[in-house]
Amino acid sequence: MIIDCHGHYTTAPKALETWRNRQIAGLQDPAQRPKVSELTISDDEIRESIEQNQLRLMKERGNDLTLFSPRASFMAHHIGDFEVSSTWAAICNELCFRVSQLFPEHFVPVAMLPQSPGVDPKTCIPELVKCVEQYGCVGINLNPDPSGGHWKEPPLTDRWWYPIYEKMVEYDIPAMIHVSTSCNACFHTTGAHYLNADTTAFMQCVQGDLFKDFPTLRFLIPHGGGAVPYHWGRFRGLAQEMKKPLLDEHVLNNIFFDTCVYHQPGIDLLNTVIPVKNVLFASEMIGAVRGIDPTTGHYYDDTKRYIDASRILSPQDKQAIFEGNTRRVFPRLDKLLKGRGI
């Protein structure tokens, strides 16, 4: 089975963006702020948005199942206050749940949280609970920088974040560490901000001792870990200077990386440096990079092709990356699939 652990609803019907624009306009003029009931998206509209896009490409590429969360750049936690984020998160999470209900064999929901800059993470708990208990979400997306490129929150190892971690441990769910839109002109959203955040989150975990307090906590760092695999020696050396344990012991029981790396040499580097047990298959399609690579004639984000072509991975390694590791890191997904006899 080929499981893509990183998919976003980037093709949601236009009505969603229209409603969001009205919500944002309402920050300046409350008279323009729409009611939730004014957003109407039919099942047929959802079907069309999925069948002509993600599901079509999944079938063409041989992917079976996608863990599906709201569009990352649309989370935009820096906009408005907690009430705005809470309403927006609830709408987006419900849509991903509806996708999973309409296409249960191909999509399983993952939730975004209603984060807001400077707001206690405890406020996210009700949405997290609803999404796990009512929608069957098997994981969450956690934004380490709700300020959108200004990094005003404490590092992920700070006790400020512990209420979310406690709930994650209770439900035995992982978090993908995923920022949203950059509102800092210095950082391109997908070309810099995302990759900076991946690298920053990893280094925060190296500096701290979070996993001593939460030995079963699991983070998935996307986009191949940003700069992490390429600079593995640097991180090993810095950890050594900080008198931390070797990275295998210090973080690799709790941190995992996906394969959203869009060329063969990058995938080969990832799988040379990072242990196979810590790599999960993902494509993030339809996402940040949608074009065709002129050197190969294939889509950049057709990442299954890179794993298939790898000369350093055994058939057992490939099976672990395509399915086994994801089922281990997402126990609720594993339980769901076993309940289906898979």
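Up top is the structure.
Note that the structure is a prediction, hence the values are computed from the model and not measured. (Residues numbered from 1 in each chain as written. Predicted model: local features only at pLDDT ≥ 70, side-chain atom pairs only at ≥ 80, totals over all residues. Heavy atoms only, no water.)

**Thoughts on the layout of surface pockets**
- By volume, the largest pocket amounts to about 350 Å³.
- In terms of lining residues, the largest pocket is bounded by 17 residues, among which L195, H223, C260, V261 and Y262 are the most central.
- Elements with a minimum of two residues in the lining of the largest pocket: helix 8 (189-207) and helix 12 (264-273).
- Grouping the amino acids of the lining of the largest pocket by side-chain chemistry returns eleven nonpolar, five polar and one charged. (1 Å grid on protein atoms, 1.4 Å probe; cavity = no way out; pocket = protein on both sides within 12 Å on 5 of 7 lines; lining within 4 Å. Points joined across faces, edges and corners; volume = space filled by probe spheres on them. Helix = DSSP H or I, 4+ residues; strand = E, 2+ residues; numbered from the N terminus. Nonpolar A, V, L, I, M, F, W, Y, C, P; charged D, E, K, R; others polar.)

**Considering helix 14 (residues 315-329)**
- A rise of 1.5 Å per residue sets the reference length of helix 14, with its 15 residues, at 21 Å; its end C-alpha atoms lie 20 Å apart and thus fit the reference within 8%.
- At I321, helix 14 is deflected by roughly 50°, the largest bend along its length.
- Considered for burial, the residues of helix 14 that qualify are K318, A320, I321, F322, E323, N325, T326, R327 and V329. (Expected span 1.5 Å × (residues − 1). Bend = angle between axes of the 7 residues up to and from the residue. Buried < 20%, exposed > 50% of the residue type's maximum accessible area, 1.4 Å probe, protein only.)

**Examining the pattern of salt bridges**
- Applying the stated criterion to the full structure yields 15 salt bridges.
- Notably, a salt bridge pairs E38 with R22, separated by 2.9 Å at the nearest N-O pair. Of this pair, E38 sits in the loop between helix 1 (14-25) and helix 2 (43-51) while R22 is found in helix 1, placing the two residues 16 residues apart along the sequence.
- Linking D172 and R218 is a salt bridge whose minimum nitrogen-to-oxygen distance equals 3.0 Å. Of this pair, D172 sits in the loop between helix 7 (162-171) and strand 6 (175-177) while R218 sits in the loop between helix 9 (210-213) and strand 7 (219-221), and the two are 46 residues apart along the sequence.
- Judged by its relative accessible area of 10%, R218 falls in the buried class.
- The network of salt bridges with shared partners includes E323, R327, D334 and K338. (Salt bridge = Lys/Arg side-chain N within 4 Å of Asp/Glu carboxyl O.)

**Digging into the packing of aromatic side chains**
- What the rule picks out here adds up to 16 aromatic pairs.
- Where Y162 meets F214, the ring centres are 4.8 Å apart and the plane angle is 85°; that geometry is what we call edge-to-face. Pair noted here: Y162 is in helix 7 and F214 is in the loop between helix 9 and strand 7, with a separation of 52 residues, a long-range link. Each of the two residues, Y162 as well as F214, counts as buried. (Phe/Tyr/Trp six-rings, centres within 6.5 Å; stacked < 30°, edge-to-face > 60°.)

**Overview of unusual backbone geometry**
- Here the residue pair M285 and I286 is connected by a cis peptide bond, since its omega of 0° sits within 30 degrees of zero.
- In this model, D172 sits at a positive phi of 55°, which is unusual for a non-glycine residue.
- We classify D172 as partly exposed; its relative accessible area is 32%.
- Not every positive phi belongs to a glycine, and H223 is a case in point at roughly 55°.
- Residue position: H223 is located in the loop between strand 7 and helix 10 (232-241).

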